[in-house]
Amino acid sequence: MTAAHVLACLALFMLAFVVRGHTQPMLSEDIEIGLSTDTVSITSDFSGANLTIFGALDNVDPLISSQGGYDIVVILEGPRQTLTVRKKTRVLGMWINTQSMIFRDVPASYSVAMTRPPQDITEISSYETLALRPRDVRLRPLDPSETSARIQEFSTALRARKEASGLYVERVGGVEFLSRSLFRATLRLAPNVPVGTHRARAFLFRKGVFVQDTSAPLSIRKAGFEQRVFAFAYQQSFIYGVLSALLAVVTGWAGRMIFRKD
Amino acid sequence: MGIYLPIAEMSVNMVILLAMGGAVGFLSGLFGVGGGFLITPLLIFYNIPPAIAVATGANQVVASSFSGALAHFKRGTLDLKLGTMLLAGGIVGASGGIYIFAYLRRLGQLDLIISLLYVAFLGSVGGLMLVESVNAIRRSRSGGSTSLRRPGQHNWIHRLPLKMRFRTSKLFVSVIPVLGLGAIIGLLASIMGVGGGFIMVPALIYLLKVPTNVVIGTSLFQIIFVAAFTTVVHATANHTVDVVLAFLLMVGGVAGAQYGAQIGQRLRGEQLRALLAALVIAVALRLAFELFVRPQSVYSLATGAGA
């Protein structure tokens, strides 16, 4: 890009800004997010990571901003999958899986970051309407004839297990304003983060009222050696198995050569 | 030091896994067993999904049993003919086991069956071995013979037809119990991720009356192939072999095994059997405890739509 080109772009941008600012002064706020990368690679030394998402607000009202009236909730939602929840009960003194419920389109992970404690941002009911927090994630059983009491029991259990494994998390203060219109969200990727296409979503609130949201996709995938092993294990599983067994034979033989004591 | 396992899809501590492999390898070298019955429960305690623990355990057993069998082959304490017959039965049993494994996994009862089998087999085998070896230790203290083999003593097994001569074992016995034993071991191997040495060794000694010095080598020989077969089939049918995990365990395992074998040669047979029995019972108790004590959460999650 030449210098002239850059200047031209800049001029256009300024012009757009000025025109918008002048002709429609009461435009509502706009939220944009940008991911520094659209792919996170998991390599052999991966043990969880922090994902930083930058974002900007347009048409910020300086008065509301100086009062701290803007709040942002950023969500990173994992790929959706079918999930079975099983329940153990006591049979003959032993704890055995006896009941289960299958849910469809369950986010494999759900990580939420927000500017302030949830009750300070907006009403509990608007979290529910927007399905923002892990506890509000909508869970639908595969079998629609399930009773609501059972759905309630198993969906609560599902969320609790996801929270216990660190896949459903909520981080107050995970979103910080860098300036009046720039913000940064830091989300934690767990060591067992599911691979696949995740979606980052950002929700803007002004004085407790939801204004706008935006989203961007993020692909999390295994890279390098891990990816090759995984692909090999699934695509040529027989050869993979044979090679695994041969590796064991070679290791056993080498170990004997190196360590033998007799 | 963390390392990401490509099939288990989780990050684990490399040092812990190497140490785990080393400790199990030491014990397997000491007692002449593959160590699968220790490695699979240990992996499950370390939060590796049971299906992956079983299949990967089988893979690591290949390494430890190959290493051990080599030593016995050089010493001439390996009956190739008996091992091959056991193996023939083993392959049949293992094939059946793989289907049962996949079926139980779909049913959501795999973990339960694995635990139950472990408790039942480890508990009974360990108990029998403990009684026998303690008696043998008592006899040797009072100056009697400690040999398990008393010529002229025959049980019902020796009256079965289709007899075959096994020279190295100095044995003339029907192939039916040999094939049957191999099949049972193969079945358990594929469901439990074990080589089956802890069942094979006492069965060869007590049921078939194979001389003790040949038993371990022969058992290890057949375990190599049954475990290798199990590994290949699990990899093909269930995609549950994590080669990175298996390799870490193997490296620790083969190193530990050589030291274990060295120490094992200094101990007396009945002392070794008593120690192995105690270890087996300890693992069984630990698993039984899990089964009967209320779990931290009665709920568990599994991806996909199991019943």
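You'll find the structure just up there.
Residues numbered from 1 in each chain as written. Chains lettered and ligands numbered in written order. Predicted model: local features only at pLDDT ≥ 70, side-chain atom pairs only at ≥ 80, totals over all residues. Heavy atoms only, no water.

## Side note on the overall build of chain A
Cut-off, in case you're wondering: What counts as a helix is a DSSP run of H or I of at least four residues, what counts as a strand is a run of E of at least two, and both are numbered from the N terminus. Only protein chains enter the accessibility calculation, which uses a 1.4 Å probe. A residue is then buried if its area is under 20% of the maximum for its type, exposed if over 50%, and partly exposed in between. Every residue pair with non-hydrogen atoms within 4.5 Å of one another is taken to be in contact.
Broken down by element type, chain A carries 7 helices and 13 strands. Burial statistics for chain A: of 262 residues in total, 41% are counted as buried. Long-range contacts, defined here as pairs at least 24 residues apart, represent 70% of the contacts in chain A between residues at least 6 apart.

## Some thoughts on the pairing of strand β3 (residues 49–58) of chain A
Residue and element names in this part refer to chain A. Stated precisely, the cut-off is as follows: We treat two strands as partners when DSSP finds at least two bridges between them.
Across 6 bridges, the pairing between strand β1 (residues 30–35) and β3 is antiparallel. When the bridges of β3 are listed, aspartate 30 appears paired with aspartate 58. Pairing of β3 with strand β11 (residues 182–189) involves 8 bridges; the strand directions are antiparallel. For leucine 51, the partnering residue across the bridge sits in β11 and is leucine 187.

## Digging into the nonpolar core
Selection criterion: The set of buried Ala, Val, Leu, Ile, Met, Phe, Trp, Tyr and Cys residues whose side-chain atoms join them within 4.5 Å is what this entry labels a nonpolar core.
One finds Phe37 and Ile48 of chain B to be the most contacted residues of the largest nonpolar core, which totals 74 residues. With near-sequence residues (within four places) excluded, isoleucine 48 of chain B lies in contact with Leu5, Met10, Val12, Leu43, Ala53 and Leu245 of chain B. In this structure, Ile31, Leu35, Val175 and Leu189 of chain A belong to the second largest nonpolar core, which totals 29 residues.

## So, the interface of chain B and chain A
Defined as follows: Each of two parts loses accessible area, computed with a 1.4 Å probe, when they are put together; buried area is these two losses added. The rule for a salt bridge is simple: a side-chain nitrogen of Lys or Arg has to be within 4 Å of a carboxyl oxygen of Asp or Glu.
Opposite the 58 residues of chain B that make contact, chain A presents 59 residues. Summed over both sides, the interface between chain B and chain A buries roughly 5000 Å², with carbon and sulfur atoms accounting for 65% of that surface. Area buried by chain B at its contact with chain A is led by Tyr4, Tyr299 and Leu301 of chain B, which between them contribute 15% of it. Taken together, chain B and chain A are joined by 1 salt bridge.

## Re the packing of aromatic side chains
The test is simple: In this analysis, rings of Phe, Tyr and Trp, with Trp reduced to its six-membered ring, are considered paired at centre separations within 6.5 Å, and the interplanar angle assigns stacked below 30 degrees, edge-to-face beyond 60, and tilted for intermediate values. Distance and angle both matter: a charge sits over a ring if NZ of Lys or CZ of Arg is within 6 Å of the ring centre and within 35 degrees of the ring normal.
Counted by the stated rule, this structure contains 8 aromatic pairs over all chains. Considering the side-chain rings of phenylalanine 154 of chain A and tyrosine 299 of chain B, the 5.9 Å spacing of their centres and the 80° angle between planes classify their relative orientation as edge-to-face. Of this pair, phenylalanine 154 of chain A sits in helix α5 (residues 148–164) while tyrosine 299 of chain B is found in strand β5 (residues 299–303), placing the two residues in two different chains. Judged by centre distance (6.0 Å) and plane angle (80°), the ring pair of phenylalanine 232 of chain A and tyrosine 240 of chain A falls under edge-to-face. Grouped by ring-pair contacts, the aromatic residues Phe203, Phe205 and Phe210 of chain A constitute a single cluster. Between arginine 133 of chain A and the ring centre of tyrosine 127 of chain A, over which it is positioned, the NZ or CZ distance is 5.5 Å.

## So, unusual backbone geometry
For residues besides glycine, phi is generally negative; the peptide bonds are generally trans as well. Notably, asparagine 59 of chain A is not glycine yet its phi reads approximately 55°, a positive angle. Residue position: asparagine 59 of chain A is located in the loop between β3 and α2 (62–66).

## What to know about the sheet that holds strand β5 (residues 80–91) of chain A
A sheet is described by the order of its strands in space; here 4 strands give the open sequence β8(A)-β6(A)-β5(A)-β5(B), paired in antiparallel fashion. The two strands at the open ends of the sheet, each matched to only one other strand, are β8 (140–141) of chain A together with β5 of chain B. Two elements, β5 of chain A and β5 of chain B, share 5 bridges in a ladder whose sense is antiparallel. Of the residues in β5 of chain B, the one forming a bridge with threonine 84 of chain A is alanine 302 of chain B.

## What to know about the pairing of strand β2 (residues 10–13) of chain B
All names here are of chain B. With 4 bridges joining them, strand β1 (residues 2–5) and β2 adopt antiparallel strand pairing. Residue pairing for β2: isoleucine 3 is matched across the bridge by valine 12. Hairpin geometry of β1 and β2 is characterised by an intervening segment of 4 residues between the two adjacent antiparallel strands and by a positive phi of about 55° at glutamate 9.

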